[in-house]
2 protein chains.
Amino acid sequence: MAEKYVYFFGDGKAEGKKEMKNELGGKGANLAEMTNIGMPVPPGFTISTNVCDLYYKNNRQYPKGLKEEVDENLKRVEKSTGMTFGDPDNPLLFSVRSGAAASMPGMMDTILNLGINEKVVEGIIKKSNNPRFAWDSYRRFIQMFSNVAMNCQHEDFEHVLDEAKKKKGVVNDTDLNADDLKAIVTEYKMVYKKQKGADFPDDPREQLWHAINAVFGSWMNDRAIAYRKIHDIKGLLGTAVNVQSMVFGNMGDSSATGVCFTRNPSTGDNHFYGEFLVNAQGEDVVAGIRTPQKMSLWESQNWANDNGISEDERKKKYPSLEEKMPDCYKQLCAVREKLEKYYKDMQDMEFTIQEGKLYMLQTRNGKRTGAAAVKIAVDMVEEGLIDKKTAVLRVEPMQLDQLLHPMFIPGQKRTVLAKGLNASPGASVGKAVFTAEEAEKMGEDGEKVILVRIETSPEDIKGMNAATGILTARGGATSHAAVVARQMGKPCVAGCGQIIIDYKKKEFKSPNGNIIKQGDWFSIDGTTGEVIKEKLETQDPQLAGDFGKFMKWIDEFIKMKVRANADKPKEAKLARELGAVGIGLCRTEHMFFEEDRILSMRKMIVAENESDRRKALAELQPIQKGDFVGIFKEMADCPVIIRLLDPPLHEFLPHEEKEQKELAKSLGVDVTVIQQKIHELHEFNPMLGLRGVRLTIVYPEIAEMQINAIVDAAIEVKKQGINVIPEIMIPLAGKKYELQLMIDLAKKIIDDKLKAANIDLHILLGTMIEVPRAALTADEIAQIADFFSFGTNDLTQMTCGFSRDDAGKFLKVYVDKNIYEKDPFQVLDQEGVGKLVDMAIKLGRTTNKNLEIGICGEHGGEPNTVKFCAKVGMNYVSCSPFRVPIAKLASAQFELEK
Amino acid sequence: MAEKYVYFFGDGKAEGKKEMKNELGGKGANLAEMTNIGMPVPPGFTISTNVCDLYYKNNRQYPKGLKEEVDENLKRVEKSTGMTFGDPDNPLLFSVRSGAAASMPGMMDTILNLGINEKVVEGIIKKSNNPRFAWDSYRRFIQMFSNVAMNCQHEDFEHVLDEAKKKKGVVNDTDLNADDLKAIVTEYKMVYKKQKGADFPDDPREQLWHAINAVFGSWMNDRAIAYRKIHDIKGLLGTAVNVQSMVFGNMGDSSATGVCFTRNPSTGDNHFYGEFLVNAQGEDVVAGIRTPQKMSLWESQNWANDNGISEDERKKKYPSLEEKMPDCYKQLCAVREKLEKYYKDMQDMEFTIQEGKLYMLQTRNGKRTGAAAVKIAVDMVEEGLIDKKTAVLRVEPMQLDQLLHPMFIPGQKRTVLAKGLNASPGASVGKAVFTAEEAEKMGEDGEKVILVRIETSPEDIKGMNAATGILTARGGATSHAAVVARQMGKPCVAGCGQIIIDYKKKEFKSPNGNIIKQGDWFSIDGTTGEVIKEKLETQDPQLAGDFGKFMKWIDEFIKMKVRANADKPKEAKLARELGAVGIGLCRTEHMFFEEDRILSMRKMIVAENESDRRKALAELQPIQKGDFVGIFKEMADCPVIIRLLDPPLHEFLPHEEKEQKELAKSLGVDVTVIQQKIHELHEFNPMLGLRGVRLTIVYPEIAEMQINAIVDAAIEVKKQGINVIPEIMIPLAGKKYELQLMIDLAKKIIDDKLKAANIDLHILLGTMIEVPRAALTADEIAQIADFFSFGTNDLTQMTCGFSRDDAGKFLKVYVDKNIYEKDPFQVLDQEGVGKLVDMAIKLGRTTNKNLEIGICGEHGGEPNTVKFCAKVGMNYVSCSPFRVPIAKLASAQFELEK
C-alpha cells in the first residue's frame, strides 16, 4: 500500500486526530480533532511532516504521488465548500501555514487569501459587493506571498504603500479606497518583477506550490535550525503544511471575528470571556483601532460600568455578541462547554462568523496569569474535571511569584520611565530618596519611600529595610541590592542603566527627560523591571483560599524538601508560613551591621593583635547568641544551617570619610589608622580573596566566638523544652585539611559545652561547596563533613570565570549570541556548573553514604534548577522565603513528571 | 629460628649492609656498609626498624629477647673497643641516634656521651688528664638526655648556664672552667629532680634504655606524624636505633675532627676538599669560633693566598692536615678514593682522629651547587664512573637555575637589608630608581638601575626593560612584576613587604633603618630574594662547556617536548638557544605597550562605535604583522602559538591624570571622556571580567585584526622560503559555542587569505583551558579545537578560588598550617587543579585523538609540575626561556624514572 502523505479535514470528519501531532504537527492535529468532535471548522488538509523528511532526504524533491494527493484533497475541499480554487465566479481561497509537533518560532508565517488573481478579484467583488475588501485582500496577499514565500525585500513593498498614503495625504491604510489599492497592486507586481525577474504568479496552483515549498524550506532556515539547537529540539521529522479554506468575518454586518477564552485568563473566574468585532478580520481585533465588544451581556455591562459608559450608549455602540448575534453566541457557548470538557483545560479560541455562520479557526490551551492558573486548577479539581496531580502540573512554578507579592491593581494609567532588571518581584509605591539615612529617617516618620541608589552596599541595609522598594542603576540579578531585596521580600529594580542618578541634586532622570526629585511619588514593578512615573494603587497578595489548597496538594507529592534562606527570626517565621521545612542558610554577616554591634565588629577588624580581637569578639558573642536563640525558637523541630562569617572584612568598614572619622573617634585612634587598615584590606579580586573559611583559618578566634554563640543558644533553647536542630556550615572550603582544622575546632567547643550542660544534642558540621576544587575533591571532603550545601552563586562565578558584579557587561551579549541560553546566575548552567555539582554529589556519597546534600545559592528557587537538583539527588533546596512555594511546586512537578 | 632484632658492626665486619635500609634505616645501613668495606668505623649496633613496628603493635612493649640481644651486642662492642660500659677505670661511652629508611626531621636528635656518671667522669679525668673536657661532656650529656630523652624543659637548663656565666662575668661557654662545669652539673641534677620527681639516672644501662625508648617514642610524635603525612611517606616499619661507641677528637693535639668532600661541592672540581680542627669536637667545626684548617696543602695555600695570609703564618697557625698529620691524611685520601668508587657519587664524610687514630663517622652523598652538580655528573661520565642516564638523574632540575643567570662572585661581604620573594632568579646590581620613566631615562644614558616599585603595572614595561633588576614591595610570585621579569630574564625580588617605599622622598627604608635613596647603588639576589646594601661584583652564566654537553645528553632521553613563552623575536632567539623546540605562548598584549602603538590601542579602547574601533585597529594591523614576521623568522621549522588579546582593556589606559590629559589631547577629546571610559571599564573582580575571548566576542573586530596580521605575516615569511608553523590560540573560552564563533571567524580569514595568496599552510586553531568550565566540558570543546594549552595560573585561581594578587595575605598562613604544602601558584596543586587537568585531557582525547596538549602557565617550568604534565600525557610544556633547560631536565628525568 502506498504511503499516505495528505490528511483531509472537513464535513465533520478528519483523517487525523489530536494524537497525531508527530505526523500532522500541533496545528494540524488540533484542526483534525475539532473537526472530528463536530466543531464548525472550515475544511482543508494537512501535508504530513513525513513529506518534509522525505523532501530533505531526497535532495528537495517531493515523493512520488504527493501532487496527486494534493489535487485530490483540493477537490474534496471544493466539494465540501461548494467553491472552486481559481474559479473567478465562485472562488475558493486558502490559508497556508506551517506547523511542527513543537512550537517553533523562526519557521514560515501564515499566507492568507492564496488563490487570488486579477480575475478572481473581480469575482470576489461581484460576490461580496465590496471592491475595497477584494483589492485589499489581493494587496495583502501579494505582499505576504512575495515576502514570506518568495523572499522578496519587505521594504520595497512598504515603500510603495507609504508613498501612496503620502500622495493622498493620509496616515492609515484604512483611508485608502479600492482604487488606491488597485493602483498599489499594480505597483507591487512591478516591484516583484524587478526583484525576481519574473511576473507575479497568477496561477493559483503555482501559488500553492510556491507556498508549500516555502513552508518546507523554512524548516531548514538559519533561525529555525538555531532555535532547535538552542532548545535542544531533536527527533522531529519536520514541519507539516496546513492548507485551509478561507472564511471572512469582514463580509458585512452579519459577519464578525473574535477571540475568546472558556474562563477569564486574568482572574480564572469561570465566566465566558472574550472580544469580537463586527465586519472585521482577525488582525483588526488586535490592531486597537476599533474598540472590541464583549461576548456576554454580563461582561459587557460590567465593562461599560467600569468605563463610565451608559447602558444606552453601550447597547447602541458596543452590544455584546449575546445581544447582537444570539444564535451564534449560543453556538459558541456550546462550543465552549464541549471543548473545555474535551480538552480538560481552559481554551483560547479564535472564531469567525461569515454571513451569520460560525466557524472555529483555532483552539488551544489558553495562557493565563498566576492567579488564574491556580484558581482554574483548583476549580477544575473541584468540578471533577481533573485530578490533583494534573492540577499541580498545570501551574508554571514561576507563575506563583505573581501571587506572593503586592501587585498594581490592573487598568491604571502608567507611564514607563525606564526598564531595569526585575531583581525582586512585587509592586512598590513611594517617595524617592537617595541615601540610606534619609530612607531610614523618613521610614521612621511613617513615610513610604523608594530608595534610589547607583548601587547599594552592606552599609545601606537599614535604609533598605526602611524602604518599600529599591531601585539601582548598576548591578545584576545577584548584586547586593537584588540579593538583599529578595531576602527581605521587597520589590527591587536593579541595574537600571537608563536612569541617570544625581546624588548632589537628589534626583534621577529618565531617558526621555522626566525628572524624579527627592520626595516625588513614583512606582516600581519588581516583577517586570519597570520604573513608573505615576503613584499607582496596589493590592496585597492572597495566601489563603485557592493558593492554600493548592500548596497543600503539592505537599502530597513532594520528595526533595524545600528550606529557606533566612537570617532573622522574622524571616524564619515568614519562611515557615510559606512552607519551608527548615533553614538552609542563615548568614551571620548581615547581623553585624545592626547598630548595637557594628562598632564591636569594626573594633575587631582594626585590632592589631589577637588579644584586642578577642576583646571585641567577646562583646559580640552575647549579641550573636541572642540572634540564634530567636531563630531556633521560630524553627522548633526544623533544621537550621548557620554559616560562619563569609564576606571579606573590608565590607564592614565605612567607605565615607565622615563615618571613618566617627569610627576613629569612638575607637580613640587617628582616622589615618582606619584608612590605613582599609587600604591594607583592599583586594584586587575580593571575590577570590580573604573571605569564607580563609578568615577563620587566619583568625580562628572569630570562628570560636560564633560557634560558642551557636552552641550556647542551642543549649538555652533546648533547656526550655524546644527541639532545636542546629547545623554549622563552613563556607568556601576547598581542601579537606582546611575544613578539618575548623571541624576540629568546632567539635571541641561543642563537646565541652554539651558535656558541661549535660545536654544531648547532635550538631551536624558541614561545608559549602562553592570552590571548584571542593567539588573535584568531594570524596576527600565528605570523609569529614556531615553535609554539603552547594553555593551555586560562587560556584558559577568560579567555574565559568564570571564575576557576577562585572559580567553584566558581556553576559547580555553572550545570551544574545546564544552562547548561553539564559543568564547562568539566574538559571543554573547545568551542562557546566551542573556537571560539577553532579560529580561532587557522586564523589561525596562514595565516602559518606549519609551525607546531607542541598543547595543554598540564588538558583535554589529557580524551577529548572530545582528540578535539576532533584534529578541529581539532593535532599533539599534552600531559597529566599518568597521563592519557597515556587521551589516546592517545581519539586513536586519533578516527581510527577518522572 | 628466633627473629633477629639487633645488627652489630665493627672489627671490619657488619651484620648489615647498604641494601638493608628498610631494616636498619639509612644511617644504620651506611655504617654497616662502611664497616664491611674496611673503613675505620667505631663499633656499635643497630636495633632494627622491625622492633619499632612490634613496639607499637604490642602496646609499647618490646619483643621478648630484645634485651638479651642488646646486652650481647654491648659485650661485642666492649670486646672490640677493649673498654667497658659503665666501668670508671676504662669507660665506654655511646652515641644514640634515630634513623629511618627516609630522612625525616621531627624525630629524635642525637644523644652523645651516654654511659657517663660521677664515677665515670673521674675515670675520664684520669685517662684524659683533662678535667674540663670530662665535666663538659657530663654537663652536655645531662642537658641533652634530659631534654631529648626525658622531655624536660630546655629553658630551665639554659637558665642555670646563663646564671653561671653572669655570675662569673663571662660570655662564652668556653670561658667556664672544670669547677664551674662541675657546679653546673650539680644544679642540672636538681633541675632534673624538680621536673621529673626522681634522681637523674646514674646507671648507664638505665640511660641506654631511656634513650632507646625516646628514639622509638619519637617515631609517633606529632611533628614526625605530620611530616610523614605532608610528605606522603608511607609503608615504613618505623625508625631504627643506632648505638655507637664514642670517639673523641678533643683528647689533645694528636686528636682532631673534620668534614670533607670527595670533590669541591661549590665548583665540582675534582680536588679533595674539606676542613678540620685539632683538639676539637664536631660541633666546634661549625660553631665558627675557631678558624678551620684545610685538608690539602694545595687548598690551604690557595686559601691563605685569597685571605692575605703569609705562608709563614699559615704554616704556623693553619697548617693543612696533609702537613699536620700526614699519615691520617694519606689514610683519608685512600678513603676518599674508595668511597667515591664504591658509591659512584661525590661523598660528604665526617671523621674524627683520636690520639692519632682515624675514625670514619659518616658518609653520604654530598650536597652541591648547580654548577658542581653538572660538572661532577659530566666528569664522572667521562671518568667512566657512571653512565649518561645516571648523570641526568644526578642533577636536581632547579639547580640548573643557578647556572642560567648572573651570580654574585662568592666571598664578598654582603649586608642583607631585607628578604622578599625570589621571584625571578639572578644577581643584579644598580642604582635605585623609583619610577619607570626614570629607569628608562637613566637606562638610555647607559646607567645600571634597579627599578623599585610598590608594585608594577603594564605601563611600567619600558622602565622594567631598561632596568637590570626589579624590586617590589607587594605581589606574589605570579604578580605582574614577577611574571614580566621572568619573561625578560631579569632578576626580581617581589613582595618584599619588609621595605617601606616612599615615592615622594624617592627612597626606601629597610626594617633596621637603612635608607637607600634614588641613585644609591645596591644589589638584589633574585635567586634568594635578598636585598643587599653593597654594590657587589657579578659573574655571567656559562652556557657552553659542561652545561652544553649535559643538555645534549638530556635530548637523548626526552619525550615530552619543551617550548618557551616568548613575545618578541629577541626572546624567541634566546628560547631556541636555551633548547626550546617551539613557542607555546606568544602573548600579543605586551606588544601594544610600545611607543609606536599604545596610542592606537588607546584610541581603539575609547572608540564609541565599531567604525572608530576599526579605524584604530587598522593602524595597529601592520605593526602587529611586523611583530609576527620577526618571530616567525626566528622560529623557522618550529611551531609558534600566538594568543589573541587577553587582558582587560582598562590595563591599557593610563592611570595618572597627567597621562590621561596627554591622551585626551592627542585624541582631541576632553579628559573627562577618558576618565569616564576608565570609570566604565572599572571592574570589581577584573580577573573574572571582560577579558580573553570575551573581548573578541563583544568586539570581534579585534580578533579579525589580529588574525589578519598573523596570516599576512605567515604568508610573507613562507614566501621567503622559510618554513612557518603558526598556531592561533583563543584564551579563556569556557564553552564550545563561544570558541566556535571565534574559530569560524578565524577559518574564514585564513581560507580567504591562503587562497588569494595561493599558499598551502595548515594553521592550527586551539584554545587555552583556564576556566574550570572548559576543563569540565573538554570533550565538547575538543570537537572543534586542534589544541589545548592549559593556562594553569588562571586555572589555579578559579579552581582554588585564589586571586593571585591577593592570596599573599592568607596563602602564607595556609602553607604554614600545612593546608597546602607549597604555594599552588608555584607548584601545581596536583590533587585539585591537577585532577581537573587530567580529566580535561582524558575528556578531550575521547573526541579528538589528535589533540595537541600543552601547558603554558607559570607552572610549566617547575620540575614537579613538568613531571606531572608528562605523566598525564601532555605533548609539551612551555615556560619562560630561562626555565627551558630546567623543564627539559625534568622531562628527561620523568622518562628515566618511569
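For the structure, see preceding data.
Numbering of residues begins from 1 in every chain and follows the order in which that chain's sequence is written. Written order decides the labels, with chains lettered from A and ligands numbered from 1. In view of the model being predicted, local features appear only for residues whose pLDDT reaches at least 70, and side-chain atom pairs are presented and counted only at 80 or more, with totals across whole chains, interfaces and linings using the full set of residues. For the side-chain quantities, the full set of heavy atoms in the structure was used; hydrogens and water were omitted.

A few words now on the sheet that holds strand β19 (residues 469-472) of chain B. Note: strands within a sheet are paired through backbone hydrogen bonds, in either parallel or antiparallel orientation. Residues and elements named next belong to chain B. DSSP bridges decide pairing: two strands pair if at least two such bridges lie between them. We count a stretch as a helix when DSSP gives it H or I for four or more residues in a row; a strand needs E for two or more, and each element gets its number in order from the N terminus. Taken together, the eight strands give an open sheet; going across it, the order is β15-β25-β24-β17-β18-β19-β20-β16, and neighbouring strands pair in mixed fashion. Unpaired on one side and paired on the other, β15 (416-419) and β16 (421-424) mark the two borders of the sheet. If you compare each strand with its neighbour and ignore which way they point, the axes differ by 30° on average. Set on the sheet, helix α20 (residues 480-488) makes contact with β16, β19 and β20 (492-494); between it and β16 the angle comes to about 45°. Between the N-to-C directions of two axes lies an angle of 0 to 180 degrees, each axis being a line fitted to C-alpha atoms and, for a helix, fitted only over the stretch in contact. Contacts are assigned to residue pairs that have any heavy atoms within 4.5 Å of one another.

Residues and elements named next belong to chain B. Strand order in the closed barrel formed by eight strands is β27-β28-β29-β30-β31-β32-β33-β34, and the pairing between neighbours is parallel. For this sheet, the mean inter-axis angle between neighbouring strands, taken without regard to orientation, is 25°. With five bridges connecting them, strand β29 (residues 639-643) and strand β30 (residues 725-730) associate as parallel partners. Within the sheet, the bridge partner assigned to arginine 643 lies in β30 and is methionine 729.

Let us look at the pairing of strand β19 (residues 469-472) of chain A. Residue and element names in this part refer to chain A. The classification of residues rests on relative accessible area computed with a 1.4 Å probe and restricted to protein chains. Under 20% of the type maximum is buried, over 50% is exposed, and intermediate values are partly exposed. Of the two faces of β19, both are covered, the one formed by Gly469 and Leu471 as well as the one formed by Ile470 and Thr472. Pairing between strand β18 (residues 449-453) and β19: four bridges, direction parallel. Bridge pairing in β19 links leucine 451 to isoleucine 470. Handedness of a crossover: with both strands directed away from the viewer, a clockwise path from the first strand across the helix to the second marks it as right-handed. Note on the crossover from β18 through helix α19 (residues 461-466) to β19: the handedness is right-handed. Inspection of the sheet shows β19 paired to strand β20 (residues 492-494) by two bridges, in the parallel sense. The partner of leucine 471 across the bridge, within β20, is valine 493.

Glancing now at the interface of chain B and chain A. The interface of chain B with chain A comprises 54 residues on the first partner and 54 residues on the second. Both sides together, the interface formed by chain B and chain A hides about 4,800 Å², and carbon and sulfur atoms give 57% of it. A pair is scored as a salt bridge if a Lys or Arg side-chain nitrogen falls within 4 Å of a carboxyl oxygen belonging to Asp or Glu. Here chain B is connected to chain A by four salt bridges. Arginine 773 of chain A is the partner of glutamate 831 of chain B in a salt bridge, and the nearest nitrogen-oxygen pair spans 3.7 Å. Elements with a contribution of two residues or more to the side of chain B that touches chain A: α26 (671-681), α27 (693-698), α29 (736-757), α30 (772-776), α32 (792-800), α33 (808-816) and α34 (833-847) of chain B. The residue makeup of the side of chain B that touches chain A, split by class, is 26 nonpolar, 11 polar and 17 charged. The quantity reported as buried area is the accessible area (1.4 Å probe) lost by two parts once they are put together, taken as the sum for both. Polar here means any residue outside two lists: the nonpolar Ala, Val, Leu, Ile, Met, Phe, Trp, Tyr, Cys and Pro, and the charged Asp, Glu, Lys and Arg; Gly therefore counts as polar.

Here we take up the relation of the copies chain B and chain A. Copy one and copy two of the chain differ by a rotation about a common axis and a shift along it. Copy-to-copy superposition: least squares on the C-alpha atoms, limited to residues that have pLDDT of at least 70 in both copies. Each copy superposes on the other: chain B lies on chain A with an RMSD of 0.1 Å after a rotation of 180° and an axial shift of 0.1 Å. The superposition operator between the copies reduces to a two-fold rotation axis. For chain B, the residue whose C-alpha comes nearest the rotation axis is asparagine 685 of chain B, separated from it by 2.2 Å. Interface overlap between copies: 100% of the residues of chain B at the interface are likewise at the interface in chain A, consistent with a symmetric, same-surface contact.

With that settled, the discussion passes to the packing of helix α24 (residues 610-634) of chain A against helix α28 (residues 700-719) of chain A. Running from N to C, α24 of chain A and α28 of chain A cross one another at 30°; their axes reach a closest spacing of 7 Å. Between α24 of chain A and α28 of chain A lies a crossing whose hand is right-handed. Working rule for handedness: look at the near helix, and if it is turned counterclockwise from the far one by less than a right angle, call the crossing left-handed; if clockwise, right-handed.

Time to look at the packing of aromatic side chains. The geometry of an aromatic ring pair is captured by the separation of the ring centres together with the interplanar angle, meaning the angle of the planes. Residue and element names in this part refer to chain A. Two rings belonging to Phe, Tyr or Trp (six-membered ring only in the last case) form a pair when the distance between their centres is within 6.5 Å. Interplanar angles under 30 degrees mark stacking, angles over 60 mark edge-to-face geometry, and anything in between is tilted. By the definition in use, this model includes 56 aromatic pairs over all chains. Where phenylalanine 133 meets phenylalanine 248, the ring centres are 5.2 Å apart and the plane angle is 80°; that geometry is what we call edge-to-face. Of this pair, phenylalanine 133 sits in helix α5 (residues 131-149) while phenylalanine 248 sits in the loop between β8 (240-245) and β9 (256-261), and the two are 115 residues apart along the sequence. This pair shows no difference in class: phenylalanine 133 is buried, exactly as phenylalanine 248 is. Counting every residue linked through ring pairs, the aromatic cluster contains Tyr55, Tyr56, Tyr62, Trp209 and Phe216.

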